[in-house]
Each structure stands twice: as structure tokens, then as C-alpha cells.
Amino acid sequence: MPEEGMEDNKEGEERPKWNNKAEYLLTCIGFAVGLGNVWRFPYLCQIYGGGAFLIPYLIALVFQGLPLLYLELAIGQRLRMGSIGVWNSISPYLGGVGVASMLVSFCVSLFYNTIVAWVLWYLFNSFQEPLPWSQCPLNHNNTGYVEECVESTPVNYFWYRQTLNITPNMETSGSLQWWMVVSLATAWSIVYICFVRGIETIGKAVYVTATFPYLVLTIFLVRALTLPGAYEGLIYLFTPDWEILKNPQVWLDAATQIFFSLSVAFGGLISFSSYNSQKNNCEKDAVLVGVINSATSIYASIPIFAILGFKAHTNYVTCLNGNILALTNEFDISDMNITVENYEQWFDSLNGTHPSRVSDLKLKTCDLQTFLDQSASGTGLAFIVFTEAVISMPGSQVWAVLFFIMLFSLGLSSMFGNLEGILTPLHDLKLVPKWMPNELFTAIICLLLFLMALIFCLGSGNYWLEIFNSYVGSVPFLIIAFFEIIAVAYIYGIGRFSDDLEFMTGHRPNIFWKVCWLVISPLMLFVVLVAYVAVQAQTPPTYAAWNPDYVNFPNTEVLPYPDWVFAICVLLSSVPVISIPLVAIYRLICCMSGRHSKDSLHNNPNPYANEDYVVELLL
Amino acid sequence: MLVWILFLLCQVGAPALAQDLCQRDAPNGYKVRISLKTALGEDAYEWNQSEMFFFQATMAFAMRRHFQMETYNVDNIILCVQTSRVSFWFVVTSPDNTTMLIPKADVEKAVRMSRHRINNAFLLSDRTLEFLGIYPTLAAPVNPDTPPWLIVFGVVIGAVCAGIIALLVSSLLQKRRKEKGMTEDGQDEEDMQVKGVENGINLDGTYNRGFTDDDRFTKL
């Protein structure tokens, strides 16, 4: 293993360092805390019986999340290299794990920054009075509103038509939407400016991007609790339904949520911790990052659900007011005699005396529970449900701007980790030509990613993004993490790893960590992987298309994936992880042809070793 | 005598005739619906006969304005079927012949022309003073020359580009300063090495750090 105190690599160039511990912690926290904490966890909490979901969630955190997190931070800090270098050092046969990490980070960066670009687009549009998604635009000859908007809602129209300009199905690609290209260019420029000088600039940027979301969440919390309907929303969220714990799907979703939320297996955490000095207590760091990530999820769900409760309440009141107006007009009752409070009594008395007239009015049934049940996660929560809620809040521009800046900060700090998982391995692989300064290399990678992400700016871009999200951003990570933990616990050896941890933190890992690394976490990961693949295999490969000509519009049309698209899905899932066996086979072949000794020399660079004095064992 | 009786009959018959002209679902009439409490809340005034008279006067004004005939009067606006909603029907008779009604289309044109004035007279809006059958024209959207989002985008991208250029230039300057500093130090090192080494052979080999001066001063 590398000698202690090795600060420099072969060229004598010093490895970049964090300015202080706070920057490192904020970067890791920022990477872990992302959009999923805000728009996936509250949704899971809601559909899986509120407070009861916290039990499988916390169990998964303690037995799966924290051990993996500690493992990644520890090996990065000890071996002081990016993901490819680290896995090459641990075992040359498992070098493919690092390559897989890098490839998956590459694919995730593509679509994740597109989501950030959408957030930027909404942010730019929030500086208008009135908000563009609050009303339908007029049609060509100014006689009425655009039909598509009237049939659905202004919020849906703004998202599907004016933002995405979505095509009715995946076969129609549509053209490049210039406003989306512009937003994407802005997103990549901002990512580049934070990456220009590597962790020097990232460390400065995370002071803002990692802390600002907490400020906004607190502001929203205070505001949301004063809105009518907030308490109904919170009660609905947190009322535990203990029966749900018998459903295995809950446990599966809790485990996958913890796993994806902590952003392990990206290689980004390994890179970040590799810039630390070796004598750093990474155990405390891991526990801190993991706990803060989960705490943020829980903290974020409070204002989100208060606001969703407010939205449900507003919809309920609007529905009732529509009925009240209809009744008032039909029976010529004095204005404002029927109110929301006495609606029931009036309705019963009128229905008793004139049932036929009342039924002719076709009144809607207004049930608060139905409105509360309208849940959404992901982009639907942020761009449709939340924007609708914001319109009803007084001072909507301010709230919209705050909300989208928060989402932007969350996405940007996660992008740092994604991109770091690509750049650091490439640097450590010495693939960067010597004449090229780091700034130029980063610029080339950002430009390449921007150009490739242009497919998400086509008319069918959203469908492609969903595919990337479901197929790249799921199974490959589980596989990579499984191999990571097997590599460290069994191939590298828990004894050697404990020695390294003792060197770094000052004490050996206690029995809890060892049991987790050896037995519990690999077992849990394996079970989760198998269950996840089984569930995915059972769900038919379909997608929800927005088709204005559909019979049941505004409901989305459920279409099956075309065959060529499904082939691409399978490729996306398998190509990143195929590097694991490929590299193993390649190394095996090299080893059998007798170049093993030279490899071991390269793997253990001893700064005091003078190659002139090595005796070649093979003659 | 006969003339006197005929005159009396006309006096009685005229209102009755007027009532026949104005009725619920009259072919040339419009239903008006007013929501005072929704519009004004606490400041809502009471709807009484004086307000009805005001409405007649406003409608007469609208008819005068549209047809540019100074002969329309409050008597030409006939109201009926008043409810507590508040809603009522009205018809407009021609000033020349009180038995003849103005067609629906003409009344609509007059109302559309003066809609804003009628609304303001009663402190109401298109939504709270409804003429059923006459739809309010939609407000033309305000279309700024440059979309506002483009302005915000311009500001952001300008700031980011300026930042990138500033950072790149400062990195470049830092590197130049380092190179200058290093060449000055490097010359000293080269002199030292040339002095220490008899021939230049060592410089070609691999630098073995086992022979570096880790401790320049030996510990006692």
C-alpha cells in the first residue's frame, strides 16, 4: 500500500486540497441532498402511509446507507485517487467497477443537468406579472383561449406545450426547442464556472448552493403553516398507516430511496474524499452526511405537504364555489346566502324540494380527501402541482422565484458530484495531455456533455429523459454498489481495511460496521437488486404520452415503447456494468500472458523506488 | 264621453301592454344578474327601486350613445321578473312607438359599446354584473416587445460569462507569475546541480528520491 505521508504523485504535483473541513462536508452534503429529497421522499411518505414509512426508511439508512457511505469516503481518503484508480488499486480485476462508475456518472450528468435547465427556464419566467402559467393564452384571432389549454389546465399547458413542446409519442422526434437549448447552455455555463479551478471554486460555490435550500425551506415552512389547509395536508402526510408495513414494496422503495438519495456508487464521493488529508475522521463524516441527508428529506416534506394541503383546500373551495354559484343562479337565491359552511344544508333542502332541477345542474362532488390524494412526484410535483399552488399564494412571484432558486441550488450541488465522478478518474488515468490546462479539459468535457444533452431538447426529449432516469439511474448503481462492497469486504479484506481505518481515524471500526460490511449490507443490496429487477420485469414497458388528440385528453395516453427504444433501454442498463466483467477478463488475459509483475509495480508506487534497480523476474 | 272612456282605458291598458312586452324568456329581452355582495362585500349597497331607476337611466344612456338618438328615455326600458338574487329581465321599446321592441342584436351592440360605463356606474365588473347572452370581450394580452424571461436570461448569462473570463484570466496570470518565479529559482538550482555533478550523466537517469536531502541538517 502507498507509504504514509505520501502527498504527491509521481510528477511531484501536489494533489488539490480542501481549504477547510467545512467545504468538504458541505460539498458531500450538497451532493447527497438533491432534487430527490424534495420531490421523491414526500411522495413516498404520502403513498406509503405517512409516518409509518419512516421505519423502513431509517432501517435502510442505518444498515445499508451509512455502511456504504463510510466505505466510499474511507477508500477515497486512503487511496487518494478517483474511482478508477481506487478500484484498480484494490484489485486489478475489479478495475471495471471504477469504469462503470464513470460511465454511469456520465449518463446521469446528461439528463440531470437538463432538469436543472428546466428549473432555470421556470426561474426566468417567474419574473413576470402575472405568472405565465396562471392563465391560458389567447388563440390566433383573439376570439377565445387556446383549446389545448382550456381542456387541460394553464399549468399543464405551460409545462407540456410552452416549455417542452412535447410530441404526441416517442417516434416523432420534433425539432430542437431553441429556448430549451438556451436554458441548457446557461445551466452548463454555470456548472463550468463552478468547476473552472476544480475544488477551489467548488468549495466556494457550495457555501451558497448547499446552505441556500435550507434557508428557503425554512421560509416556506413559516409561510406554509399560516396558509389555510396546511394542517390538513400535514395530518394527511404524517398519519401513520401501520398496515402498509406488511407490503414488501414499501421496504423495497425505502431501500432504493435511501440508496439513490445518498448518491453512492457515482464515484463522486470517492473523488471528494480523495482530496482530504489521510488523517481525517471519515467515520464521523459519513454518519454526519447520512444523517443530515435523511433529516433534510424529512424537513423538506413538511413545507411541501403544508403547501399541498393548501392547494387541496383551494381546489376544494373553488369546486364548492362553482356549485354554490350554480345553485344560486338556478334558484335565484340572494347573493352569498349559500356559503361554504352551510352548503350542505342548502343542498339537502333544495335537493329535497326540486330534485330534477338540481340533478340537471350536474354539480361536481367536492371531497377534500380526493384533492389531497392527488399526489405527484418528480417533475410533476415541481412544475405542475407546486406551480399551481404558488399561483394562489399572495405574492406569487416571490414564492416562485424562491422555490426555483432552491431547486436550482439543489440540482447544481448534485451536479458537482456527478461531474467530479467523471473528471477525477480521467485525471488519474492520465488521459489528459500534459499540454492541456485543467480549465480547457473541463471546458471540453462540459461542451461534450452539453452537445450530447441536446437530444433532451427535442420535442420528444422528456420521454428520453424518463428512459434515462429509469434505466441508467437505477439498476447499474445497485450492481456497482454491490461489487464495491464485495470488493472491499472480501477481496481487499476486512482486516486490511480495518488497519487502514485505524490509521486514518485512530481506532478500529466497531463490530456494527464489520457485520454490516460483511453480511448485512451485501445481503440487503442483493435482495434489493433482485427484487427491483423482478418488479421492473413485471411492469410492462410503457410510457405516458401527452397527446392533445387523444380521446381521453387531458389524461395522458399510455403507449408501449417501440422495439428500438426498448433495445436502447436494455443497452443503457447493461453497457455501463458490462465493463466490470470485461475489465476482469482483460486483466485475466494479461496476467496469463505474464505481465503480472509489471502491473504490481505500477500499483504500488513507492516514491523511493528507483526503477533502474529493479530486477526483471521474467527472463 | 267616449273619448274620456277611451283615454282611461289607454291609461290602464298601457302598463298591461308593457307587462306583456316584458316577461321571462322574452324573445327580445335580456336577463341581468347582479352579485353585489360578491363584488363589494361589506360595502355592498342595498338594491331597491331607486337602483332599478338608475339601471333604466343607464340603459337609456347606452341606447342614446349607440344610436345617437336623443329620444331614448327611462320609460323605454321596461323591467320585470325581479328576484332577490338580484336578477331581472328587461326589454327596450322604441321611442317612436312604445309597442315596438328594439331587436335583441341592437340592444347587444349598445350594451357592448357602453359596457365599461355601465359597470362603473354600479361599481361592478363584467363578472358581477352579467347580461346573460352578452359575453364579455377577452382582455387583449399584454405582449412586451422582448419577453421578460429573455431579459433575465441575458443578465444571468452575461454575469456567468464575465465570471468565467475573469477566472480564466486570473488563472493565466497566476501561472505566468509562477513560471517567472520558478525560472528564477530554477537557474539557481541548475547552477547548484552543475556544481555538484562533475558530468551531466546523473541528469539523464531517473531521479531517486532515496538520495534527496530530506534533512539538511543531521540530527545529533
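Residue numbers here run from 1 along each chain, matching the order of that chain's written sequence. Each chain takes a letter, starting from A, and each ligand takes a number, starting from 1, following the order in which they are written. Reporting of local features is limited, given that this is a predicted model, to residues whose pLDDT is at least 70; pairs of side-chain atoms are given and counted only at 80 or more, and all residues count toward the totals for whole chains, interfaces and linings. Water and hydrogen atoms play no part in the side-chain values, which are based on all heavy atoms of the structure.

For chain B, an unreviewed UniProt entry supplies the name Collectrin, amino acid transport regulator and the organism Oncorhynchus kisutch. UniProt positions are given in the numbering used here, feature names are shortened, and annotations may be inferred rather than shown by experiment. Regarding chain B, the relevant UniProt record gives this comment under Subcellular location (unreviewed entry): "Cell membrane".

For chain A, the name recorded in an unreviewed UniProt entry is Transporter, with Oncorhynchus kisutch as its organism. Under the UniProt heading Subcellular location (unreviewed entry), the entry covering chain A gives this text: "Membrane". What the UniProt record of chain A gives under Sequence similarities (unreviewed entry) is the line "Belongs to the sodium:neurotransmitter symporter (SNF) (TC 2.A.22) family."

> When you look at the overall build of chain A in this model, what are you seeing that I'm missing?
Looking only at helices and strands, chain A features 26 helices and two strands. Radius of gyration: over C-alpha atoms. The globule rule applied is 2.2 Å multiplied by the number of residues raised to the 0.38 power. A globule of 619 residues ought to have a C-alpha radius of gyration of about 25 Å, and chain A, at 27 Å, matches this closely. Principal-axis analysis of the C-alpha atoms gives chain A an extent of 105 × 55 × 45 Å. Contact between two residues is taken to exist if any of their heavy atoms lie within 4.5 Å; hydrogens are not considered. Expressed as a percentage of contacts within chain A between residues at least 6 apart in sequence, the contacts between residues at least 24 apart total 82%. With the model as given, the accessible surface of chain A reaches about 25,800 Å², and the carbon-plus-sulfur share is 64%. Averaging the coordinates of the 26 positive side-chain charges in chain A and doing the same for the 46 negative ones gives two points 11 Å apart. A run of H or I in DSSP counts as a helix once it spans at least four residues, and a run of E counts as a strand once it spans at least two, with each numbered from the N terminus. Surface exposure here means Shrake-Rupley accessible area, sampled with a 1.4 Å probe, where a residue is shielded only by the protein chains that are shown. The convention is simple: Lys and Arg are positive, Asp and Glu are negative, and His and the chain ends are not counted. We put the charge of a Lys on NZ, of an Arg on CZ, of an Asp on CG and of a Glu on CD.

> Explain helix α1 (residues 21–32) of chain A here, please?
Each α-helix winds once per 3.6 residues, and so residues spaced three or four apart point in a common direction. All names here are of chain A. Multiplying 1.5 Å by the helix residue count minus one yields the expected span of that helix. The first and last C-alpha atoms of α1 sit 17 Å apart over twelve residues, in line with the 16 Å expected at 1.5 Å per residue. Counting buried positions along α1 gives ten out of twelve residues, so the element sits mostly inside the fold. Among the residues of α1, those classed as buried are E23, Y24, L25, L26, T27, C28, I29, G30, F31 and A32. Any residue under 20% of the maximum accessible area for its type is buried, any over 50% is exposed, and the rest in between are partly exposed; the area is computed with a 1.4 Å probe on protein chains only.

> Help me understand the interface of chain A and chain B in this model?
Interface size is often expressed as the accessible area that is lost when the parts come together. The partner chain B presents 35 residues to the 34 residues of chain A that form the contact. Buried surface area refers to the total accessible area, computed with a probe of radius 1.4 Å, that the two partners give up upon joining, counted for both partners together. In this assembly, chain A packs against chain B so that about 3,100 Å² is buried in total across both faces, 60% of it on carbon and sulfur atoms. Whenever Lys or Arg places a side-chain nitrogen within 4 Å of a carboxyl oxygen from Asp or Glu, that contact is recorded as a salt bridge. One can count three salt bridges joining chain A with chain B. Taking the shortest distance from any N to any O, the salt bridge between K31(B) and D332(A) comes out at 3.8 Å. Polar contacts, as counted here, are pairs of nitrogen or oxygen atoms within 3.5 Å of one another; within protein the pair requires one atom able to donate a hydrogen and one able to accept it, and residues that are adjacent in sequence qualify only if both atoms are side-chain atoms. Joining chain A to chain B, the criterion identifies eleven residue pairs in polar contact (both at pLDDT 80 or more). Going through the elements one at a time, α6 (95–125), α9 (178–195) and α15 (282–331) of chain A are the ones with two or more residues in the side of chain A that touches chain B.

> What's the story with the packing of aromatic side chains in this structure? I'm lost.
Given two aromatic rings, their pairing is described by the distance between the two centres and the angle made by the two planes. Only Phe, Tyr and Trp rings are paired, with Trp represented by its six-membered ring, and only when their centres lie within 6.5 Å; those with planes under 30 degrees apart are stacked, over 60 edge-to-face, the remainder tilted. Within the structure shown, the criterion is met by 62 aromatic pairs over all chains. By definition here, charges over rings are those cases where NZ of Lys or CZ of Arg is within 6 Å of the ring centre and within 35 degrees of the ring normal. Across the ring face of Y30(B), the terminal group of K104(B) is positioned such that the distance to the ring centre comes to 5.0 Å.

> Mind showing me how you'd approach the pairing of strand β4 (residues 129–132) of chain B here?
All names here are of chain B. Alternating residues of β4 divide into L129 and F131, all buried, and E130 and L132, none buried. Where strand β1 (residues 30–34) lies against β4, four bridges are found, and the strand directions are antiparallel. Across the sheet, residue R33 finds its bridge partner in β4, namely E130. Two strands qualify as a pair provided DSSP detects at least 2 bridges between them.

> Please clarify how helix α4 (residues 54–79) of chain A should be interpreted in this entry.
Residues and elements named next belong to chain A. If you check α4, its first and last C-alpha atoms are 35 Å apart, about what 26 residues at 1.5 Å a residue would give, namely 38 Å. Where α4 bends most, at L61, the angle is about 40 degrees. For α4, the buried fraction is high: 20 of the 26 residues fall into the buried class. Note on α4: the residue one or two positions beyond its end, R80, has a positive phi of about 55 degrees. Given a residue, its bend is the angle between the two axes fitted to the seven residues that end at it and to the seven that start from it.

> What should I look at first to understand the state of the cysteines in this one?
One way to say it: the disulfide is the covalent bond shared by the sulfur atoms of two cysteines. All names here are of chain A. Any cysteine sulfur atom paired with another within 2.5 Å is treated as part of a disulfide. Applying the stated rule across the entire model yields two disulfides over all chains. With a sulfur-sulfur separation of 1.9 Å, C136 is cross-linked through a disulfide to C149. The S-S bond linking C136 to C149 shows a torsion near -85 degrees; that makes this disulfide left-handed. Remark: C149 occurs in helix α7 (residues 147–151) and C136 occurs in the loop between α6 and α7; sequence separation between them is 13 residues. In terms of burial, C136 and C149 fall into one category: buried. Disulfide pairing is shown between C319 and C366; the S-S distance is 1.8 Å. Across the S-S bond of C319 and C366 the torsion is about -80 degrees, and the bridge reads as left-handed.

> Explain the sheet that holds β1(B) to me, please; I cannot follow it from the model alone.
Consider a sheet: its strands pair through backbone hydrogen bonds, and that pairing is either parallel or antiparallel. Residues and elements named next belong to chain B. Taken together, four strands build an open sheet; the order of strands is β2-β3-β1-β4 and the sheet is antiparallel. Every other strand in the sheet has two partners, leaving β2 (77–83) and β4 as the edge strands with one partner each. Going across the sheet, the axis of each strand differs from the next one's by a mean of 25 degrees, ignoring polarity. In this structure, β2 lies alongside strand β3 (residues 87–92), joined through five bridges in antiparallel fashion. Bridging across to β3, C80 finds its partner in W89. Across the sheet, helix α3 (residues 49–67) lies against β1, β2, β3 and β4, angled at about 140 degrees from β2, the strand it touches most. Think of each axis as a best-fit line through the C-alpha atoms, taken over the contacting stretch in the case of a helix, with angles from 0 to 180 degrees between the N-to-C directions.

> For this particular structure, what's the right way to read the packing of α6(A) against helix α21 (residues 438–452) of chain A?
Residue and element names in this part refer to chain A. At a minimum axis separation of 9 Å, α6 and α21 run at an interaxial angle of 65 degrees. Considering how the two elements wind past one another, α6 and α21 form a crossing that is right-handed. From α6, F106, S109 and L110 reach across to α21, where they touch L448, L449 and M452. The residue inventory of the contact of α6 with α21, partitioned by class, reads five nonpolar, one polar and no charged. Whether a crossing is left-handed or right-handed is set by the direction in which the near helix is turned from the far one by less than a right angle, anticlockwise for left-handed and clockwise for right-handed. Residues are grouped as follows: nonpolar covers Ala, Val, Leu, Ile, Met, Phe, Trp, Tyr, Cys and Pro; charged covers Asp, Glu, Lys and Arg; every other residue, Gly included, is treated as polar.

> Hey, could you run me through the pattern of salt bridges in this one?
Note that side chains of opposite charge can pair when their charged atoms are close. Residues and elements named next belong to chain A. The final tally for this structure, using the stated rule, is 16 salt bridges over all chains. Salt-bridge contacts for R508 lead to E502; the nearest nitrogen and oxygen are separated by 3.1 Å. Connected through salt bridges with shared partners, the residues D499, E502 and R508 form a single ionic network.

> Quick question: what am I supposed to make of the UniProt feature "binding site: Na(+)" (unreviewed entry) in chain A here?
Residue and element names in this part refer to chain A. Here the UniProt-annotated "binding site: Na(+)" (unreviewed entry) positions come out as G30, A32, V33, N37, S261, N293, L410 and S414. The greatest C-alpha distance among the annotated residues, which extend across 385 residues, is 12.4 Å, indicating that they converge on a single site. By the element assignment, N293 lies in helix α15. The residues touching N293, leaving out its near neighbours within four places in the chain, are A32, V33, N37, S261 and L262. Looking at where L410 falls in the secondary structure, it is placed in helix α20 (residues 396–428). The class for L410 is buried, based on a relative accessible area of 4%.

> Quick question: what am I supposed to make of the packing of α4(A) against helix α24 (residues 511–538) of chain A here?
Each pair of packed helices gets described by two things: the angle between the helix axes and the distance between those axes. All names here are of chain A. In contact at an axis separation of 9 Å, α4 and α24 are set at 110 degrees when each is read in the N-to-C sense. Classified by the interaxial angle, the pair formed by α4 and α24 is roughly perpendicular. Residues A60, V62, F63, Q64, L66, P67, L68, Y70 and L71 of α4 form the contact with α24, whose own contacting residues are F512, W513, C516, W517, I520, S521, M524, L525 and V528. Its residues assigned to classes, the contact of α4 with α24 shows 16 nonpolar, two polar and no charged. For classification purposes, an angle smaller than 35 degrees is called roughly parallel, one larger than 145 roughly antiparallel, one from 65 to 115 roughly perpendicular, and anything else oblique.

> Would you take a moment to explain the side chain of R85(B) for this structure?
Residue and element names in this part refer to chain B. Checked against the element boundaries, R85 lands in the loop between β2 and β3. Classification of R85 by relative accessible area gives buried; the value is 1%. Within the structure, the side chain of R85 is placed 3.4 Å from the side chain of S35, a separation counted as a polar contact.

> What's the story with the pairing of β3(B) in this structure? I'm lost.
Each regular strand displays side chains that alternate between the two surfaces of the sheet. All names here are of chain B. Burial analysis of β3 places six of its six residues in the buried class, which makes it a mostly covered element. Taking every second residue as pointing to the same face, both faces of β3 are buried, with S87, W89 and V91 on one and F88, F90 and V92 on the other. Both β1 and β3 contribute to a ladder of four bridges, which runs antiparallel. Along β3, the bridge assignment pairs V32 with F88. The antiparallel pairing of β2 with β3 creates a hairpin that spans three residues between the two strands.

> Help me out: how do you make sense of the environment of D96(B) in this one?
For D96(B), the location among the structural elements is in the loop between β3 and α4 (104–113). Along the primary structure D96(B) and N76(B) are separated by 20 residues, whereas in three dimensions their C-alpha atoms are 9.8 Å apart.

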